[in-house]
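Tertiary structure, described
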Amino acid sequence: MQSNPINRVNAKKCKVCATEFTLQRMGQAVCSPVCALDLVRKGKDKTEAIKAKVERRETRAKLEKLKTISQLEEDCRKIVQKIARIRDRHDGCISCHMGANYGGQWHGSHYRAHGACSSLQFHLWNIHKACAQCNLFKGGNREGYVQGLLSKPGYGRDRIDWLDAQPKSQRFSRDYLERFKLVMGKRCRRLERKAIDSIEKTN
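Read on for a plain summary of the structure.

Calculation notes
Once a new chain begins, its residue numbering starts again from 1 and follows that chain's sequence as written. Local features in a predicted model are, by the rule used here, given only for residues with pLDDT of at least 70; side-chain atom pairs are given and counted only at 80 or more, and totals for whole chains, interfaces and linings are based on all residues. Values reported for side chains reflect all heavy atoms of the structure, with hydrogen atoms and water molecules removed beforehand. Classification of residues uses two cut-offs on accessible area relative to the type maximum, computed with a 1.4 Å probe and protein chains only: under 20% is buried, over 50% is exposed, and between them is partly exposed. Per the convention used, a helix needs a DSSP run of H or I reaching at least four residues, while a strand needs a run of E reaching at least two, with both numbered from the N terminus. In what follows, residue pairs with any heavy atoms lying within 4.5 Å of each other are defined as contacts. Whenever a helix is involved, its axis is fitted only over the stretch in contact; in every case the axis is a line through C-alpha atoms, and angles between N-to-C directions fall within 0 to 180 degrees. When an angle is under 35 degrees it counts as roughly parallel; over 145 it counts as roughly antiparallel; between 65 and 115 it counts as roughly perpendicular; any other value is oblique. We call a crossing left-handed when the near helix sits turned anticlockwise from the far one by less than a right angle, and right-handed when that turn is clockwise. For two strands to be treated as a pair, DSSP must find at least two bridges joining them. We define a salt bridge as a contact between a side-chain nitrogen of Lys or Arg and a carboxyl oxygen of Asp or Glu at a distance within 4 Å.

Looking now at helix α4 (residues 142-151). Looking at α4, one finds that the buried residues are Gly144, Tyr145, Val146, Gly148 and Leu149. The inward-facing, buried residues of α4 abut β3 (106-110), β4 (127-131) and α5 (157-165).

What follows concerns the packing of helix α2 (residues 69-87) against helix α6 (residues 174-202). The interhelical angle for the contact between α2 and α6, taken along N-to-C directions, is 25 degrees, at an axis separation of 9 Å. The orientation of α2 relative to α6 falls into the category roughly parallel. For the crossing formed where α2 meets α6, the hand is left-handed. Contacts from Ile69, Leu72, Glu73, Asp75, Cys76, Ile79, Val80, Lys82, Ile83 and Ile86 in α2 reach Arg174, Leu177, Glu178, Phe180, Lys181, Met184, Gly185, Arg187, Cys188, Leu191, Glu192 and Ala195 in α6.

Take the pairing of β3 next. In regular strands, side chains alternate between the two faces of the sheet. The buried fraction of β3 is high, at five of five residues. Inspection of the sheet shows β3 paired to β4 by five bridges, in the antiparallel sense. Bridge pairing links Ser109 to His128 in β4.

Within the structure shown, the criterion is met by 14 salt bridges. The salt bridge partner of Glu178 is Lys65, with a shortest N-O separation of 3.6 Å. Of this pair, Glu178 sits in helix α6 while Lys65 sits in helix α1 (residues 33-66), placing them 113 residues apart in sequence. Judged by relative accessible area, Lys65 falls into the exposed class, the value being 57%. In this structure, Arg142 and Asp164 form a salt bridge, with 3.3 Å as the shortest nitrogen-oxygen distance. Of this pair, Arg142 sits in helix α4 while Asp164 sits in helix α5; the two residues are 22 residues apart in sequence, bridging distant segments of the chain. Residue class for Arg142 comes out partly exposed when judged on its relative accessible area of 43%. By relative accessible area, Asp164 is classed as partly exposed at 35%. One salt-bridge network, in which partners are shared between bridges, spans Glu64, Lys67, Asp75 and Lys181.

Interpretation in functional terms is not warranted from these geometric data alone.
Have a look at this one:
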C-alpha cells in the first residue's frame, strides 16, 4: 500500500525528528503524537535547566552578600594576580633568571606586599609574574624584583619610586570591592579568552 504523497505546499520538517510531513492544522510543529510527547519533555527539561541556572545565580549572589571585606579583598587580589600572569605569560620570573618555560607554579607577586601596603594590593603596576620559589620561599626576592622592574619595558626608576611613595594602608568599601570584582572579573575572562585564541591560532 502506498503512503499518501506529501503536499509540498504545506510540507514542514518535524521539530523533533526532522521528517517531512504535511500540516494537518495551523501551528503544527511535529509529525506524530510520539514526537509531540518528546517535544513536551524537551520543553520541560529546558525549563528545568533555566530554573536551575537562575537558582544557582541567586545562591551565588546570596553567598556574595555574606562575604566579609577581607574575603572580598582576597577575591579581588586573585583576579588581578591572574590578570598579571596572563599579561606576563611570555615573560620569565620578575625576580630571578627562571624563564617562561619553567614547569612549576607561577604566582602573581606583589612588589609591595598586600599585607604591608594595602593601597597597592590591586594595582597592576605592583603585581608581576614570579616563580613560586621567589614568591613563597624568598619573600618575593625584593632585590631581584627591583632589577626585574628596572629592565622591564615600560618600567624604570620613576615607576618604582612612585610605588615606594604610595601610602601603606587604604580601606576599601564593600561597594567598591563588589564593583571592582565584577568589572575586573569580566576583564580577566576576556583576556583569558584572547590568550587561548592566540595559542590555538599558533598551533
